Amino acid sequence: MVTKFHPVSLVRELHALGVRDVGENRHQEAQAKARDTADLDGLRWHFVGQLQSKKARQARAYVHAVHSLDRASVVDALSAETGDALRGFVQVNLTDDPARGGVAPDDLEVLVERVLATPGLRLRGVMAVAPLDEEPRRAFARLRDLSERVRRLDPAADRISAGMSHDFADAIAEGATHLRIGTAITGNRPDAG
Ligand SMILES: *Cc1c(COP(=O)(O)O)cnc(C)c1O
């Protein structure tokens, strides 16, 4: 459940209803919410947005999984010699626009190898956001192929983080294991502040 821009009170309500996995896309907001909900049993924070390398170390402290490993500098910044391994998904860009975030499919294996060589990171699989100008199902089919390429390097990294409020059915049809749903459950987000 993606809770970005919503108040901590919503996270508390969701937790009371049994939700344990919540997602955020901005470090400062996520860090503050994690701190303000530290009393909630079993709540796990998933980071789904662009992570700045210089914030990566701080994010390690509260995050259960990072869904947006998209470049070597972030991977390197998340390395750790001690403590629990952090779960990570390599984010892939399914568009031709480099500004959209995620590693280009051609560079996927190089980044995956880097994650696998980084102490303190455990690769879970791939993540992507569907392009705006393409049938989501077609894009998610490509993601499934990319997931197979990753599994050739690490058979355990078989998870697929894909699907938002408007396209989760297509994502499920193409093998998504982790959906990132916000507005379909929470209603519209308050303004981005
Ligand atoms: C906001 C966000 C979501 C949730 O989007 P909804 O359309 O509200 O379901 C999912 N993934 C990422 C990366 C997001 O930033």
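Residues numbered from 1 in each chain as written. Predicted model: local features only at pLDDT ≥ 70, side-chain atom pairs only at ≥ 80, totals over all residues. Heavy atoms only, no water.

Asker: Any chance you could break down the overall build of the chain for me, citing the residues and the numbers?
Answerer: Within the chain, the regular secondary structure consists of eight helices and six strands. For 193 residues, the compact-globule estimate of 2.2 N^0.38 gives 16 Å, and the C-alpha radius of gyration of the chain, at 16 Å, lies within 12% of that figure. In terms of overall dimensions, the chain has a C-alpha envelope of 40 × 40 × 30 Å along the principal axes. Across the 193 residues in the chain, those meeting the buried criterion constitute 49%. Considering only residue pairs separated by 6 or more positions, the chain has 52% of its internal contacts joining residues 24 or more positions apart. Of the roughly 9700 Å² of accessible surface on the chain, a fraction of 48% belongs to carbon and sulfur atoms. In the chain, which carries 27 positive and 28 negative side-chain charges, the distance between the mean positions of the two groups comes to 4 Å. (Helix = DSSP H or I, 4+ residues; strand = E, 2+ residues; numbered from the N terminus. Rg over C-alpha atoms; globule rule 2.2 N^0.38 Å. Buried < 20%, exposed > 50% of the residue type's maximum accessible area, 1.4 Å probe, protein only. Contact = heavy atoms within 4.5 Å. Areas by Shrake-Rupley, 256 points an atom, 1.4 Å probe, with all protein chains shown as cover. Lys, Arg positive; Asp, Glu negative; His and termini not counted. Charge placed at Lys NZ, Arg CZ, Asp CG, Glu CD.)

Asker: Give me the UniProt feature "domain: Alanine racemase N-terminal" (unreviewed entry) in the chain: which residues, what numbers.
Answerer: According to UniProt, the positions carrying the feature "domain: Alanine racemase N-terminal" (unreviewed entry) are residues 10–190. The span residues 10–190 is 38% helical and 17% strand by assignment, and the distance between its end C-alpha atoms comes to 12 Å. (UniProt positions renumbered as here; feature names shortened; annotations may be inferred.)

Asker: Please provide a residue-by-residue account of the pattern of salt bridges, values included.
Answerer: Under the definition given, this model contains 14 salt bridges. Across the pair E29 and K33 runs a salt bridge whose closest N-O atoms are separated by 2.8 Å. Separated by four residues within a single helix, E29 and K33 lie in helix α2 (residues 27–36), roughly one turn from each other. Both residues of the pair, E29 and K33, belong to the buried class. (Salt bridge = Lys/Arg side-chain N within 4 Å of Asp/Glu carboxyl O.)

Asker: How would you summarise the environment of S165 if you had to cite specific residues and measurements?
Answerer: With respect to the secondary-structure elements, S165 resides in the loop between β6 (159–161) and α7 (168–173). The exposure class of S165 is buried, given its relative accessible area of 14%. Beyond its immediate sequence surroundings of up to four residues, S165 is in contact with R180, I181, G182, T183 and A184. In this structure the side chain of S165 is engaged in a polar contact, spanning 3.2 Å, whose partner is the side chain of T183. (Polar contact = N/O pair within 3.5 Å; in protein donor to acceptor, adjacent residues only side chain to side chain.)

Asker: Please set out helix α6 (residues 136–153) residue by residue, giving values where relevant.
Answerer: For α6, with 18 residues, the first-to-last C-alpha span of 26 Å sits near the 26 Å given by 1.5 Å per residue. By the burial criterion, the buried members of α6 are P136, A139, F140, L143, L146, S147 and V150. Down the axis of α6, the smallest arc covering the buried residues is 110 degrees, so these residues share one side. What points out from α6, more than 90 degrees from its buried face, is the exposed set R138 and R152. Considering only its buried residues, α6 is in contact with α5 (108–116), β5 (121–127), β6 and α7. (Expected span 1.5 Å × (residues − 1). Arc of directions from axis to C-beta.)

Asker: Break down the site of the ligand for me, citing the residues and quoting the values.
Answerer: As a structural note, the neighbourhood of the ligand is formed by V2, K4, N25, V48, M164, S165, R180, I181, G182, T183 and R189. Computed on the free molecule, the ligand has an accessible area of 390 Å², of which 90% lies beneath the protein chains in the complex. Structurally, the ligand is housed in the largest pocket. Of the residues contributing to the shell around the ligand, the split by class is four nonpolar, four polar and three charged. (Near = heavy atom within 4 Å. 1 Å grid on protein atoms, 1.4 Å probe; cavity = no way out; pocket = protein on both sides within 12 Å on 5 of 7 lines; lining within 4 Å. Sits in = over half its atoms within 2 Å of the grid points. Nonpolar A, V, L, I, M, F, W, Y, C, P; charged D, E, K, R; others polar.)

Asker: Run through α2, naming residues and quoting values.
Answerer: For α2, the set of buried residues is H27, E29, A30, K33 and A34. All buried residues of α2 project into a common sector of 165 degrees when viewed along the axis, lining one side. Projecting away from the buried face of α2 at angles above 90 degrees are the exposed residues Q28 and R35. Those residues of α2 that are buried are in contact with α1 (8–16), β1 (21–24), β2 (44–47) and α3 (53–60).

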